[in-house]
Amino acid sequence: MTISEQVSGEATIQRWTVGDTTITSVVEAETAHIPPEFFFTGVDAAAVREQPDLVPDFADADGNITLRVQALVVDQPGRRVLVDPCVGNGKQRALPFWHEQAWPFMERFADAGFDAASIDVVVHTHLHADHVGWDTHVVDGTWVPTFTGARHLYTAAEIEHCRSNAMPGEDVYGDSVGPIVDAGLADIVDGNTDLGDGLRLEATPGHTPGHVSLWVESGGEAALITGDFVHHPAQLARPTWAEVGDDDVALAEETRRRMFARAAEQEVLFIGTHFPTRPAGRVVADGDAWTFVPEP
Ligand SMILES: [Zn+2]
Ligand SMILES: [Zn+2]
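Residues numbered from 1 in each chain as written. Chains lettered and ligands numbered in written order. Predicted model: local features only at pLDDT ≥ 70, side-chain atom pairs only at ≥ 80, totals over all residues. Heavy atoms only, no water.

**With respect to the nonpolar core**
So, point 1. Grouped together as the largest cluster of nonpolar side chains are 32 residues, with contacts concentrated most on Leu 82, Phe 109 and Phe 147.
So, point 2. Elements represented by at least two residues in this core include exactly β3 (21-34), β4 (65-76), α2 (105-111), α3 (156-164) and α4 (172-182).
So, point 3. Considering each element in turn, this core owes the most residues, 4 residues, to α4.
So, point 4. Once residues within four sequence positions are removed from consideration, Phe 147 is found in contact with Leu 82, Pro 85, Met 106, Phe 109, Ala 116, Ile 119, Val 122, Trp 134, Asp 135, His 152 and Leu 185. (Core = buried A, V, L, I, M, F, W, Y, C linked by side-chain atoms within 4.5 Å. Buried < 20%, exposed > 50% of the residue type's maximum accessible area, 1.4 Å probe, protein only. Helix = DSSP H or I, 4+ residues; strand = E, 2+ residues; numbered from the N terminus. Contact = heavy atoms within 4.5 Å.)

**Here we look at the coordination of the zinc ion (ligand 2)**
So, point 1. Within the protein, the zinc ion (ligand 2) binds to Asp 130 (OD), His 131 (NE2), Asp 228 (OD) and His 274 (NE2); these donor distances fall in the range 2.1 to 2.2 Å.
So, point 2. Around the zinc ion (ligand 2) sit 4 donor atoms, and with donor-metal-donor angles ranging over 88 to 163° the site reads as irregular.
So, point 3. Each donor residue of the zinc ion (ligand 2) belongs to the same chain, with the gaps between them written as D-H-x96-D-x45-H.
So, point 4. Between the zinc ion (ligand 2) and the zinc ion (ligand 1), a separation of 3.5 Å is found, and both are coordinated by Asp 228. In this pair, His 131 is assigned in the loop between β6 (121-123) and β7 (136-139) and Asp 228 in the loop between β14 (221-225) and α5 (234-237), connecting sequence segments 97 residues apart.
So, point 5. Using a relative accessible area of 1% as the deciding quantity, one classes His 131 as buried.
So, point 6. The exposure class assigned to Asp 228 is buried, which follows from its relative accessible area of 2%. (Donors = N, O, S within 2.8 Å, 3.2 Å for Na, K, Ca; no water. Tetrahedral: all angles 85-135°; square planar, octahedral: opposite > 155°, others 65-115°.)

**Some thoughts on empty space enclosed by the protein**
In this approach a probe as big as a water molecule rolls over the atoms, and the regions it shows empty are the leftover space.
So, point 1. Counting across every chain of the model gives 1 cavity of 30 Å³ or more.
So, point 2. Here the element with the most residues in the lining of the largest cavity is strand β9 (residues 151-155); it accounts for 3 residues.
So, point 3. Among the residues making up the lining of the largest cavity, the classes are represented as 6 nonpolar, 2 polar and no charged. (1 Å grid on protein atoms, 1.4 Å probe; cavity = no way out; pocket = protein on both sides within 12 Å on 5 of 7 lines; lining within 4 Å. Points joined across faces, edges and corners; volume = space filled by probe spheres on them. Nonpolar A, V, L, I, M, F, W, Y, C, P; charged D, E, K, R; others polar.)

**A short note on the coordination of the zinc ion (ligand 1)**
So, point 1. The protein atoms donating to the zinc ion (ligand 1) are His 126 (NE2), His 128 (ND1), His 207 (NE2) and Asp 228 (OD), with metal-donor distances spanning 2.1 to 2.3 Å.
So, point 2. Here the zinc ion (ligand 1) is ringed by 4 donor atoms whose angles at the metal span 88 to 173°, and the overall shape comes out irregular.
So, point 3. We note that the donor set of the zinc ion (ligand 1) lies within a single chain, spaced as H-x1-H-x78-H-x20-D.
So, point 4. Residue His 207 is classed as buried on the basis of its relative accessible area of 2%.

**Section: the sheet that holds strand β13 (residues 212-218)**
So, point 1. Strand order in the open sheet formed by 7 strands is β11-β12-β13-β14-β15-β16-β17, with mixed pairing between adjacent strands. Of all strands in the sheet, those bounded by a partner on one side alone are β11 (193-196) and β17 (289-294). When the angles between neighbouring strand axes are averaged without regard to direction, this sheet yields 30°.
So, point 2. Here 5 bridges tie strand β12 (residues 199-203) to β13, and the two strands are oriented antiparallel to one another. (Pairing = 2+ DSSP bridges. Axes fitted to C-alpha atoms, helices over the stretch in contact; angles between N-to-C directions.)

**With respect to the pattern of salt bridges**
So, point 1. Scanning the model with the defined rule gives 12 salt bridges in all.
So, point 2. Ionic pairing is found between Arg 238 and Glu 50, a salt bridge with its closest N-O pair at 3.0 Å. You can see Arg 238 sitting in the loop between α5 and α6 (249-266) and its partner Glu 50 sitting in the loop between α1 (45-49) and β4, a full 188 residues away along the chain.
So, point 3. Its relative accessible area of 25% is what places Arg 238 among the partly exposed residues.
So, point 4. A relative accessible area of 53% places Glu 50 in the exposed class.
So, point 5. Residues Arg 282 and Glu 295 are paired through a salt bridge, measuring 3.6 Å at the closest nitrogen-oxygen approach. Pair noted here: Arg 282 is in strand β16 (residues 280-286) and Glu 295 is in the segment after β17, with a separation of 13 residues, a long-range link. (Salt bridge = Lys/Arg side-chain N within 4 Å of Asp/Glu carboxyl O.)

**Quick word on the packing of α3 against α4**
Helix-helix packing is described using two parameters, namely the angle between the two axes and the distance between the axes.
So, point 1. Where α3 contacts α4, the two axes come as close as 9 Å, and the packing angle between them is 150°. With respect to α4, the axis of α3 lies roughly antiparallel. In this structure, α3 crosses over α4, and the sense of that crossing is left-handed. Contact with α3, carried on its side by Ile 159, Cys 162 and Arg 163, involves Val 172, Tyr 173 and Val 177 of α4 and no other residues of that element.
So, point 2. Among the residues forming the contact of α3 with α4, the class breakdown is 5 nonpolar, no polar and 1 charged. (Parallel < 35°, antiparallel > 145°, perpendicular 65-115°, else oblique. Left-handed = near helix turned anticlockwise from the far one by under 90°.)

As structure tokens, then:
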């Protein structure tokens, strides 16, 4: 079920319920009119125009795509979990649209009813720069933890991948992961880990080696928070489309097909971490591919 709520004249807050659990989107940025080849290897606007149902929520009529960067807050009775805290502010980043930003993310986080101290657990689907940023903020020139009461979960494979694959001009480990480890707030977990009370990590490798997705199960309902095993609803119908950042292209496609099939079979609420506009919906099988049917 989708609940939309207007806050202080700003953007609408999107929330979904799964049994007694609430999932809230906190948006950092949403960008429209992106040429698809910027994110998908060998894909042009004409290929996107083959899926007219993507317009207007997920693509424009010219075949350019829209993508969102958002964090998701999973609220259960007695536990609050933050998933993938975006790019963050003031970070030195190789991509110009992530470099030294000043987004009002923590203001939106507060508008949605959250404060940093209330986060009990931070889940990272993987350690790309757009999934760890708000974990730290700068104080007197030093990166310090933001969610000081939270256990921050990482897989060992992701930590290793993050440390050994730094892009020139940025240090994601140094500014966004290392300070958490140094503060004693990090827990290394297996890619398949039961977090209790209906929350479960499932290994979904390919985009990165230690990538995980988060299952949310409550009251006979289920949701799946994807992370980056899929980036855009267009990939449901075109599971071969590789994202430029996919580390192991073949494994990434295998993971997409496996997870799309499961999501369709189990009729879960499928929440695409980078899906814009209406990021939650159902996956419906369509021959040997799938269709994303967003919730209204
Ligand atoms: Zn990624
Ligand atoms: Zn990402």
